[in-house]
Amino acid sequence: MVTSRRADAPARTASPRRRGAVLERAILDAALDQLGTVGWKGLTMEGVAAGAQTGKAAVYRRWPTKEDLVADALQTGLPPVGGVPDRGSVREDLLALCLRAREAMFSRPGTALQAVVHECDATQVERFHGVIFDAVVEPTIRLLREVVTRGIRRGEVRPDAANGYVFDAIPAMMMYRSKMCTSEWTDQDLEEMIDQLMMPLLRPAAP
């Protein structure tokens, strides 16, 4: 008895067609992956479609431009900053915030955000300003303000330290050194920044 090769071959199961939120999530994830590997300049809608295993028409139908796609990918991908740490002292609270910030900076969404900030021109960065401010800058400053204000109540921090320049110091330093010095912010680096920059800046004057 002769059997055909077709009969002997294992049956192929077609992959289910993704739709709606499932497909959109796959596309957004692929955009974050592209930003982390090839950067803003290397990201293409075709590459994102290939990474999401879909057609580029499905991408363009939802996001007409690369900027629209990346803005949504960052907005949905960046993790919430969480609550204010309370470890009993302003130094330990600041260190806990810095450790959390480092984790976010070097996560997949954080790496994608750095690619946008480092590679986009001024006009393009303006397109992402709202996303960056709402998801990163404002929550970080809010937490720093709460830590510093609590330190003032404890008597650890001088009363006039609750100002915008102080709140900007940690985010600005971490972004500058990661971009210009390619710093990976080891535990020692973070502790030195707190001890050599922030604590002298915050400490009350000697009577």
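Residues numbered from 1 in each chain as written. Predicted model: local features only at pLDDT ≥ 70, side-chain atom pairs only at ≥ 80, totals over all residues. Heavy atoms only, no water.

On to the packing of helix H8 (residues 108–119) against helix H10 (residues 164–180). Relative orientation of the contacting elements H8 and H10 amounts to 80°, with a least axis distance of 12 Å. Between H8 and H10, the interaxial angle falls into the category roughly perpendicular. Of H10, the residues touching H8 (which contributes Gln114, Val117 and His118) are Met175, Ser178 and Lys179. Residue composition of the contact of H8 with H10, by class: two nonpolar, three polar and one charged. (Axes fitted to C-alpha atoms, helices over the stretch in contact; angles between N-to-C directions. Helix = DSSP H or I, 4+ residues; strand = E, 2+ residues; numbered from the N terminus. Parallel < 35°, antiparallel > 145°, perpendicular 65-115°, else oblique. Contact = heavy atoms within 4.5 Å. Nonpolar A, V, L, I, M, F, W, Y, C, P; charged D, E, K, R; others polar.)

This next bit is on the layout of surface pockets. By volume, the largest pocket amounts to about 850 Å³. No other element matches helix H9 (residues 122–154), which puts eleven residues into the lining of the largest pocket. (1 Å grid on protein atoms, 1.4 Å probe; cavity = no way out; pocket = protein on both sides within 12 Å on 5 of 7 lines; lining within 4 Å. Points joined across faces, edges and corners; volume = space filled by probe spheres on them.)

The subject of this paragraph is the nonpolar core. Core analysis: the largest hydrophobic core is formed by 30 residues, its most contacted members being Ile27, Leu69, Val70, Leu74, Val116 and Phe128. Non-local contacts of leucine 74, meaning those with residues more than four positions away in its chain, are made with Leu32, Pro109, Ala112, Leu113, Val116 and Val131. Membership of the second largest hydrophobic core comes to 25 residues, among which are Val90, Phe167, Ile170 and Trp185. (Core = buried A, V, L, I, M, F, W, Y, C linked by side-chain atoms within 4.5 Å. Buried < 20%, exposed > 50% of the residue type's maximum accessible area, 1.4 Å probe, protein only.)

In short, the description is geometric, and any link to function would need to be established separately.
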